[in-house]
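A look at the structure
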Amino acid sequence: MISFDGSIFHLASANSSYIIRILETGHLDNVHYGARLTDLTGYENISESFDLNIGTLPYADEEHPHHFPARILYEYSTAGRGDDRAPSLEVCYAGGLNTLDLVFSGWRIFSGKDDSFPAHALSGASTETLEITLCDALAGVEVRLFYTVYEEEDIILRSAKIINRGISPLRLDSAASYCLDFPFDDFILYSYDGAWARERCEHRRILYPGIVELDSKLGCSGSEHNPLVYLERAATGEVYGSNLIYSGCHRELVEVSPFGKVRLLSGISPYCFEWTLESGQAFCTPEAVLTYSDCKEGAARNFHAFINRYIVRGVWKDRERPVLVNSWEACFFDLDRDRLLGLAEKASGLGIELFVLDDGWFSSRRNDSSGLGDWWVSEEVFPDGLEDFSRRIHALNLLFGLWIEPEMANRDSELYRTHPDWLVEIPGRAAAVCRHQYVLDITRSEVSDYLFDRISDVLSRCEVDYVKWDMNSVLTDYHSVQGSALGYPHRYILALYRLLGRFTEHFPGILFESCASGGNRYDLGMLCYMPQTWTSDNTDLYHRLAIQEGTLAGYPPSTMGAHVSASPGHQSLRVSRIDSRFDVAAFGVLGYELDLCALDEDDTDAVRKQIAFYKEYRRVFQFGTFRRLRSADDGVIWWTASLGDTTIVMEYVVLNKAHTGRCDRLRLPFLDRERTYHITKRPVHIDPACYGSLRNDFHKEGGEDCDITVSGSILCTCGISLSPQFTGNGFFPSTRVIGDNGTRMYIVKEAES
Ligand code: DGJ
């Protein structure tokens, strides 16, 4: 609900209020963003008084000698008028001027939302938008700020449209999607950072005066810093979350001012951004998604609900995602039709639903240095064609999925030999190279038409049900025959969205999964086109704990690809049990990426049971609420997924410690105290070999039993003690043999009353 009473705008959602006032000077000032206010009587007393003098600080004008721009909580900040915090908008207009003073000039409230930016959130039945217009008449700059409220999810979407109302060209040097100023500075900043194979690991930092900038400069949202951030108030635990519906170079900037205020900006990175608007032209920023909650877990829940309802679209929205097998870590480039069919046959027998043919199926692509860009089927691998292969896969009752990497080419390809000028490369300087491949200039229509035509032909003829859209390089050597290098990264992303739009409109039934060297492009922009993302090339179960937790901090499990791979793991050489690898992967969209045909009988049986179990609880894993619980013991990690009357719990034991006599405690503080719960264990097979030379009569197949009925009030408060793990303390029927990097999964259900 959005209202305006002549002096303040109130954007109210179920649990939050966002209040903006118009100052006498015409500037916008944020009065409150936080818990929902139901009665606004006396709201004038919320904001700090202007009745004070501050040294040499500039003020707005002689009539308002105490309106210090450095103290105002702007909705869209500018430079040159005394606010020395980071500007949201930097421009250069006639005469080489950059000072901007944006003042209120109008507003409207309308149902639905502005969809000018190609990757955008969908509207809901009751979505309402506030549009506020600001202008600087001298500079000829008009800025429209959009605020769209999603009441139930406590989400406010923000974006800005900048219009050149002057007669000379207007140059934009930076244009954030929003500015959010807070009147306090006791914040902890959470960011999600990393690199290849350790994407989106959570970092927590206390803020001090100055600026923290998290950004990407390589043409994609990147694994170095995800656009997702949270600010948590140390005093109250309240949390503000921000994410961006964008896949290119972005920047999140947090600034603590000397006056005890915090500014948060997010948007396209100013790095290599320059956009010229001719008279009358407009520039739209990507949409940013803001949420407020009384705790971080609540803020993440808001994001999850919002993404499932308004970011993911098409026939796969809300639909349970299929369990897949992927040929990559099973075969890499060593593709052979009969071997692949053997893998598919085994997969089908185990209950797998989708077979994904990864890299290597086309042209001369027998390794990563050749063939990329040549989108025709390799006769060497598929002598009877890919249509025939796909028919055989479908006959096994499997969906058929295909890997593609449209945006790149090897120099060793027909494509490059025919069109050497199609690469993003500066004439006279060879482009920096990543995995022997180069970025294609998809901003040129002839390039994107070629990609669309060639790849669509394969997708249609082979009746492909799923596509993994990969991108294993970043953007360097910005250059295009079509215009300045400055602004190219943004033009590239707009072209990518156009291409994705063509594919997804043409193939509405295909389930698309985005991938970029693993999780280098896990962002809301890609999720507007592709309901799933490959999380990371690192499938090591221990490493995945941080990667998946960081990902789930802002993205729902229904979007997060998680695979069981071989042991020793290809990224860590860690040896682990197949059941533990499954227990971690089950908290996302499950897949298998190993040679299933090489599994022994026990592991084959384990996989069959895992898949049946996952299918039974798939909705809980993919669409439930994920939580990581605190544990008294650092070496034990607890994950839960809850939906309706069911909670699945995973206990992950990092290191089996020496005998302490203490038992692990399962406490679920979020359950209903008034109900009674029944706890069982997902049965697992304990390989007798794990007992080594201790193997004797004590060892027990099938693992310990678990059948407990307990009140919600006990589970919420004290928790229950699970039976001891084996640490040289002898075997009892209840002893749990978990070991290092071992897991147990429990099913907690409301008991029938
Ligand atoms: C990188 C991806 O992340 C992998 O899963 C795999 O598809 C390879 N590319 C194939 O080249």
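Note that the structure is predicted; figures quoted are calculated from it, not measured.

Time to look at the sheet that holds strand β4 (residues 28-35). If you walk across this open sheet you meet the 4 strands as β1-β2-β3-β4, and the pairing is antiparallel. Of all the strands in the sheet, the pair left with one neighbour each is β1 (2-4) and β4. Averaged over all pairs of adjacent strands, the angle between strand axes in this sheet comes to 15°, irrespective of strand direction. Alignment of strand β3 (residues 16-22) against β4, held across 7 bridges, turns out to be antiparallel. Across the sheet, S17 pairs through a bridge with G34, a residue of β4.

Roughly 460 Å³ of internal volume is contained in the second largest pocket. Lining the second largest pocket are 23 residues; nearest its centre among them are S576, R577, I578, D603 and D687. Elements with a contribution of two residues or more to the lining of the second largest pocket: α10 (578-585), α11 (601-616) and β38 (742-750). Ranked by residues supplied to the lining of the second largest pocket, first place goes to α10 with 5 residues. Its residues assigned to classes, the lining of the second largest pocket shows 7 nonpolar, 6 polar and 10 charged.

Moving on: the packing of aromatic side chains. Inspection of the entire model under this criterion finds 50 aromatic pairs. For the pair Y33 and Y240, a centre-to-centre distance of 5.3 Å together with 55° between the ring planes defines the contact as tilted. You can see Y33 sitting in strand β4 and its partner Y240 sitting in strand β15 (residues 239-244), a full 207 residues away along the chain. Both residues of the pair, Y33 and Y240, count as buried. Taking the ring centre of Y271 as reference, the NZ or CZ of K217 above it sits at 6.0 Å. The cationic tip of R682 hangs over the ring face of F613; the distance from NZ or CZ to the ring centre is 5.6 Å.

Moving on, we get to the pairing of strand β8 (residues 141-150). Taking burial as the measure, the 10 residues of β8 include 9 buried ones, the bulk of the element. Summarising the sheet, strand β7 (residues 128-136) and β8 pair through 9 bridges and their orientation is antiparallel. Each residue of the ladder has a partner; that of I132, found in β8, is L145. Where β8 lies against strand β9 (residues 155-164), 10 bridges are found, and the strand directions are antiparallel. Residue T148 lies in a different strand from β9, and its bridge partner there is L157.

For the rest of this paragraph, the subject is the domain arrangement of the protein chain. Looking at the assigned domains, one finds that the protein chain contains domain 1 (2-311), domain 2 (324-407 + 446-474 + 508-623) and domain 3 (626-750). Placing the centre of domain 1 and that of domain 3 at their C-alpha centroids yields a distance of 45 Å.

Turning to the sheet that holds strand β27 (residues 511-514), a few remarks are in order. In sheet architecture, strand pairing relies on hydrogen bonds along the backbone and comes in two forms, parallel and antiparallel. A barrel is described by the order of its strands in space; here 8 strands give the closed sequence β21-β22-β23-β26-β27-β28-β29-β30, paired in parallel fashion. Each strand axis lies, on average, 30° off the axis of its neighbour in the sheet, ignoring direction. The strands touched by helix α4 (residues 385-395) within the sheet are β22 (354-357) and β23 (399-404), with β23 carrying the most contacts at an inclination of about 140°.

Time to look at the site of the ligand. What surrounds the ligand is a group of 13 residues, the closest being D358, D359, K468, D470 and D537. Contacts to the ligand include R435, whose side-chain N or O atom sits 2.9 Å from an oxygen atom. Here an oxygen atom of the ligand sits 2.4 Å away from a polar atom, N or O, in the side chain of D537. A breakdown of the residues in the shell around the ligand according to their chemical character gives 4 nonpolar, 3 polar and 6 charged.

Attention shifts here to the side chain of E407. Its place among the elements puts E407 in the loop between β23 and β24 (408-410). Setting aside residues no more than four positions away along its own chain, E407 makes contact with Y438, V439, L440, I442, W469, D470, M471, Y492, L496 and R521.

Across the interface, helix α9 (residues 541-552) lies against α10 with an axial gap of 10 Å and an inter-helix angle of 10°. Between α9 and α10, the interaxial angle falls into the category roughly parallel. On the side of α9, the interface is formed by L541, R544, L545 and Q548, while α10 contributes S580, R581, V584 and A585. The residue inventory of the contact of α9 with α10, partitioned by class, reads 4 nonpolar, 2 polar and 2 charged.

The final tally for this structure, using the stated rule, is 7 cavities of 30 Å³ or more. In this structure, the largest cavity encloses a volume near 150 Å³. Forming the boundary of the largest cavity are 16 residues, of which H27, Y74, T78, D101 and L102 lie nearest the centre. Along the lines of polarity and charge, the residues of the lining of the largest cavity split into 9 nonpolar, 3 polar and 4 charged.

Glancing now at the packing of helix α3 (residues 337-350) against α11. At a minimum axis separation of 9 Å, α3 and α11 run at an interaxial angle of 55°. Judged by the angle between their axes, α3 and α11 are oblique. Residues K346, G349 and L350 of α3 touch α11, and the partners they reach there are T604, V607, R608 and I611.

Quick notes on the rules
Residues numbered from 1 in each chain as written. Predicted model: local features only at pLDDT ≥ 70, side-chain atom pairs only at ≥ 80, totals over all residues. Heavy atoms only, no water. Pairing = 2+ DSSP bridges. Helix = DSSP H or I, 4+ residues; strand = E, 2+ residues; numbered from the N terminus. Axes fitted to C-alpha atoms, helices over the stretch in contact; angles between N-to-C directions. 1 Å grid on protein atoms, 1.4 Å probe; cavity = no way out; pocket = protein on both sides within 12 Å on 5 of 7 lines; lining within 4 Å. Points joined across faces, edges and corners; volume = space filled by probe spheres on them. Nonpolar A, V, L, I, M, F, W, Y, C, P; charged D, E, K, R; others polar. Phe/Tyr/Trp six-rings, centres within 6.5 Å; stacked < 30°, edge-to-face > 60°. Buried < 20%, exposed > 50% of the residue type's maximum accessible area, 1.4 Å probe, protein only. Lys NZ or Arg CZ within 6 Å of the ring centre and 35° of its normal. Domains from an automatic or database assignment. Contact = heavy atoms within 4.5 Å. Near = heavy atom within 4 Å. Polar contact = N/O pair within 3.5 Å; in protein donor to acceptor, adjacent residues only side chain to side chain. Parallel < 35°, antiparallel > 145°, perpendicular 65-115°, else oblique.

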